[in-house]
Amino acid sequence: MGIRKWYYNMSGFNKLGLMRDDTIYEDTDVVEALRRIPENQYNDRVFRVKRAMDLSMKQQILPKEQWTKFEEDVQYLSPYLKEVVQERKEKEEWMKN
């Protein structure tokens, strides 16, 4: 657990207020998963990403008390993404037959 927490803090996205799922590359599966998440979670994600982009352009980071903590980082997108990937694989398998 100590190494995971150290690596999480070294990655740097938490210093911009981002969560781990905010950093996932947006391919077609991720776009579909984002379409499925509740609106309030989507709005929170958009806020975090815009804030991070603004901070990055200014070459700044958030004050330490506003960093995303390892314990508070929730994988809000992962369950939806797993569902989308599973559905896509089932559809591809169905189309083979």
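Bear in mind that the values here come from a model prediction, so they are computed numbers and not experimental data.

### Re the overall build of the protein
The helix and strand tally for the protein stands at four helices and zero strands. The N-to-C order of helical and strand elements in the protein reads α-α-α-α. Rg of the C-alpha trace for the protein: 16 Å, well past the compact-globule value of 13 Å for 97 residues, more than 25% over. If you line up the protein on its principal axes, its C-alpha atoms span 55 × 30 × 20 Å.

### Here's the deal with helix H3 (residues 39-57)
In this model H3 runs 27 Å from its N-terminal to its C-terminal C-alpha over 19 residues, within 8% of the 27 Å that 1.5 Å per residue would give. The complete set of buried residues in H3 reads Arg45, Arg48, Ala52 and Leu55. In a view along the axis of H3, the buried residues occupy a sector of 100°, so they form one face of it. Pointing more than 90 degrees away from the buried face of H3 are the exposed residues Glu39, Phe47, Lys50, Met53 and Met57. Packed against the buried residues of H3 are helix H2 (28-36). Following H3 by one or two positions, Gln59 has its phi on the positive side, about 55°.

About the cut-offs
- Residues numbered from 1 in each chain as written.
- Predicted model: local features only at pLDDT ≥ 70, side-chain atom pairs only at ≥ 80, totals over all residues.
- Heavy atoms only, no water.
- Helix = DSSP H or I, 4+ residues; strand = E, 2+ residues; numbered from the N terminus.
- Rg over C-alpha atoms; globule rule 2.2 N^0.38 Å.
- Expected span 1.5 Å × (residues − 1).
- Buried < 20%, exposed > 50% of the residue type's maximum accessible area, 1.4 Å probe, protein only.
- Arc of directions from axis to C-beta.
- Contact = heavy atoms within 4.5 Å.

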